[in-house]
Amino acid sequence: MKRLLVVPFVLLSFCIIADDRIILGSFERETNDADTEEFTGETTLNGFGARLYNFKDEGLYFGASFVFRSGDYELCAGTDCLSGDASATMFSGEIGRDLGNWTPFVGLSFTSSEVEIFGETDSDETSSFNAGLWLELDTFKLRGALIDLDDSDSRAITGGLLFQMDNNFALGAEFGMLLDSEVDGFRFSLQFGRKF
């Protein structure tokens, strides 16, 4: 009989633990301006993305995202300039733990980028280590993260916000900027999705 009484309590504990899965589609924009003694460069990329966030009260947090951007690339040395097409595809994943209103996380990102000038393509693949946290405030979740912790040249800081509406739809936005003094880089993401 005592074992039978344990079953309702176990089931009740699973019901109390909230599980929020949020899937978002996004519009993405990235600009980079480099100005050194030898050259100047400018890149403007627009694109789209998809994000999945899985929050659990007092449990593990998982996040994943895919982003594709493409646009124009220009490199100038003095008065001589080269222009072409550029694109970048990024996959990232992160894992963390809910600690009340705070959810710290760590993650990895993989980026594949291409630049095409005069029919020749230059490609590059990089991976980065990221860390950050979510702060929950009623219907808002605030996000802050450091990107590329292991690479001082491309290290960036991002901040974002996720708003869950009463009808289970969600709005999000994220801003980011490079911390490298030689490159002015800015990222923006506008997101819309639904909680499941």
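Bear in mind that the values here come from a model prediction, so they are computed numbers and not experimental data.

Is there a simple way to think about the state of the cysteines in this case?
Working definition: the covalent bond between the sulfur atoms of two cysteines is a disulfide. Tallied over the full model, the rule gives 1 disulfide. Covalently, Cys76 is tied to Cys81 through a disulfide, its sulfur atoms 2.0 Å apart. Taking the sign of the S-S torsion, about 110° here, the bridge from Cys76 to Cys81 comes out right-handed. By relative accessible area, which is 42% here, Cys81 ends up partly exposed.

Explain the pairing of strand β5 (residues 102-117) here, please?
Consecutive residues of a regular strand have side chains that alternate between opposite faces of the sheet. When strand β4 (residues 80-97) meets β5, the two strands line up antiparallel, connected through 12 bridges. Pairing of Ser87 across the sheet is with Glu114, part of β5. Counting the residues in the hairpin turn of β4 and β5 gives 4 residues, including Gly100, whose phi is positive at 85°. Alignment of β5 against strand β6 (residues 120-137), held across 16 bridges, turns out to be antiparallel. Among the inter-strand pairings, Ser112 is bridged to a residue of β6, identified as Glu125. In this structure, the hairpin formed by β5 and β6 is closed by a connection of 2 residues, where Phe118 is found at a positive phi of approximately 55°.

Please clarify how the sheet that holds β5 should be interpreted in this entry.
Pairing between the strands of a sheet is mediated by backbone hydrogen bonds and can be parallel or antiparallel. Taken together, 10 strands build a closed barrel; the order of strands is β1-β2-β3-β4-β5-β6-β7-β8-β9-β10 and the barrel is antiparallel. Ignoring strand direction, the axes of neighbouring strands in this sheet form an average angle of 15°. Pairing of strand β1 (residues 19-35) with strand β2 (residues 40-56), which is carried by 17 bridges, proceeds in the antiparallel orientation. Following the sheet pairing, Asp33 is matched in β2 by Glu42.

Looking at this structure, I do not really get unusual backbone geometry. What am I missing?
Trans is the common state for peptide bonds, and a negative phi is the common state for residues other than glycine. Even without glycine at this site, Asp148 takes up a positive phi of about 60°. With respect to the secondary-structure elements, Asp148 resides in the loop between β7 (140-147) and β8 (156-164). Using a relative accessible area of 12% as the deciding quantity, one classes Asp148 as buried. Residues other than glycine seldom take positive phi values, yet Asn168 does so here, at roughly 75°. A relative accessible area of 31% means that Asn168 is categorised as partly exposed.

About the thresholds
Residues numbered from 1 in each chain as written. Predicted model: local features only at pLDDT ≥ 70, side-chain atom pairs only at ≥ 80, totals over all residues. Heavy atoms only, no water. Disulfide = S-S within 2.5 Å. Buried < 20%, exposed > 50% of the residue type's maximum accessible area, 1.4 Å probe, protein only. Pairing = 2+ DSSP bridges. Helix = DSSP H or I, 4+ residues; strand = E, 2+ residues; numbered from the N terminus. Axes fitted to C-alpha atoms, helices over the stretch in contact; angles between N-to-C directions.

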